[in-house]
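Letter by letter, the chains look like this.
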Amino acid sequence: MEMGAVEAVKTNENDFIEIPIDKYIIQEAEEKAKLIKNKLKNSITNEDGLLAGCIGEIISNFVLLGDSHNTFDFDLVKSGYRYEVKTKRCKSEPKPSYECSISTNSMFQQCDRYIFTRILSINDRYIKGWVLGWINKDKYFEKAKKFKAGDTDPLNNFVIKHDCYNLKIDDLYRFIV
């Protein structure tokens, strides 16, 4: 498959856009990660999630077809809207009841909308990703639940590691492809 020529399929009843992660996406993500590695600030996972985050930005733009900006405040621009892509690594297919998180350290980013992605990792290899949806920044914080480090999220019994806001994937707007 050529770089940029991606087959996106909808999964199940969830309407998440599923994109296979091939060697071209990995190569592009590795190049992008090298460029931003020293600029990384306020990340929950520090450099551990950098490659997955870059993959999330790439697959998001396959769907959005915007302009890549890679600023600290936003990643993509389309029709005047500034999008910040938030990515979580995962070991299974996402479900609508799963959550999208934003660290309180990232609240001040100057974006208009968030795009959320999940990247499936099996045996330290990225297999596929999902573009879950998007939401306006103000709506996200209006609807999301705030957690402090040490709190237990009652939806999944996960002990929160960093102060953050969580919102169910089901509350996102889906992309139409």
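Bear in mind the structure is a predicted one, so any value in this text is a computation, not a measurement. (Residues numbered from 1 in each chain as written. Predicted model: local features only at pLDDT ≥ 70, side-chain atom pairs only at ≥ 80, totals over all residues. Heavy atoms only, no water.)

**Quick word on the packing of aromatic side chains**
To describe a pair of aromatic rings, one takes the distance between the centres and the angle between the planes. In this structure the tally under the stated criterion is 8 aromatic pairs. Site record: aromatic cluster; members linked through ring pairs are Y114, F116, Y140, F141 and Y165. Sitting above the plane of the Y81 ring, R113 keeps its charged end 3.6 Å from the centroid. The ring of F147 carries the charged tip of K145 above its face, separated from the ring centre by 5.2 Å. (Phe/Tyr/Trp six-rings, centres within 6.5 Å; stacked < 30°, edge-to-face > 60°. Lys NZ or Arg CZ within 6 Å of the ring centre and 35° of its normal.)

**Concerning the confidence of the model for the chain**
Put simply, the chain has an average pLDDT of 88, and 86% of its residues get 70 or more. Between residues 1-6, whose pLDDT stays under 50, and residues either more than four places distant or in other chains, the model counts 11 contacts. (pLDDT = per-residue confidence, 0-100. Contact = heavy atoms within 4.5 Å.)

**A few points about unusual backbone geometry**
Positioned with a positive phi, N70 is a non-glycine residue whose angle comes to about 45 degrees. The residue N157 is not glycine, and still its phi comes out positive at about 60 degrees. Among the structural elements, N157 can be located in the loop between β9 (145-147) and β10 (164-168). (Helix = DSSP H or I, 4+ residues; strand = E, 2+ residues; numbered from the N terminus.)

**Observations regarding the sheet that holds β10**
Two orientations exist for strands paired in a sheet by backbone hydrogen bonds: parallel and antiparallel. If you trace the 3 strands from one edge of the open sheet to the other, you get β6-β10-β9, paired in antiparallel fashion. Looking at the sheet topology across the chains shown, the edges are occupied by β6 (99-103) and β9. Between one strand axis and the next, the sheet turns through 30 degrees on average, direction left out of account. As judged from the 3 bridges shared by β9 and β10, these two strands associate in the antiparallel manner. Opposite K145, over in β10, you have N166 as the bridge partner. (Pairing = 2+ DSSP bridges. Axes fitted to C-alpha atoms, helices over the stretch in contact; angles between N-to-C directions.)

**A short note on helix α2 (residues 50-64)**
With 15 residues, α2 ought to run about 21 Å at 1.5 Å a step, and its terminal C-alpha atoms sit 21 Å apart, in line with that. Most of α2 is tucked away: 13 of the 15 residues are buried. L65, located one to two residues past α2, shows a positive phi value of around 55 degrees. (Expected span 1.5 Å × (residues − 1). Buried < 20%, exposed > 50% of the residue type's maximum accessible area, 1.4 Å probe, protein only.)

**Section: the pairing of β6**
Where burial is concerned, most of β6 is hidden: 4 out of the 5 residues are buried. Sheet analysis places β6 next to β10, joined by 5 bridges and oriented antiparallel. Across the sheet, C100 pairs through a bridge with L167, a residue of β10.

**Some words on the environment of K86**
Examined against the element boundaries, K86 turns out to sit in strand β5 (residues 81-90). Residue classification places K86 among the buried residues on the basis of a relative accessible area of 14%. Along the sequence, K86 and R118 sit 32 residues apart, while their C-alpha atoms lie 8.6 Å from each other. The contacts of K86, once residues within four sequence positions are left out, are S101, I102, S106, Q109, Y114, I115, F116 and T117. One polar contact links K86 to E84, side chain to side chain, over a distance of 3.4 Å. A polar contact is formed between the side chain of K86 and the side chain of Q109, at a distance of 2.9 Å. (Polar contact = N/O pair within 3.5 Å; in protein donor to acceptor, adjacent residues only side chain to side chain.)

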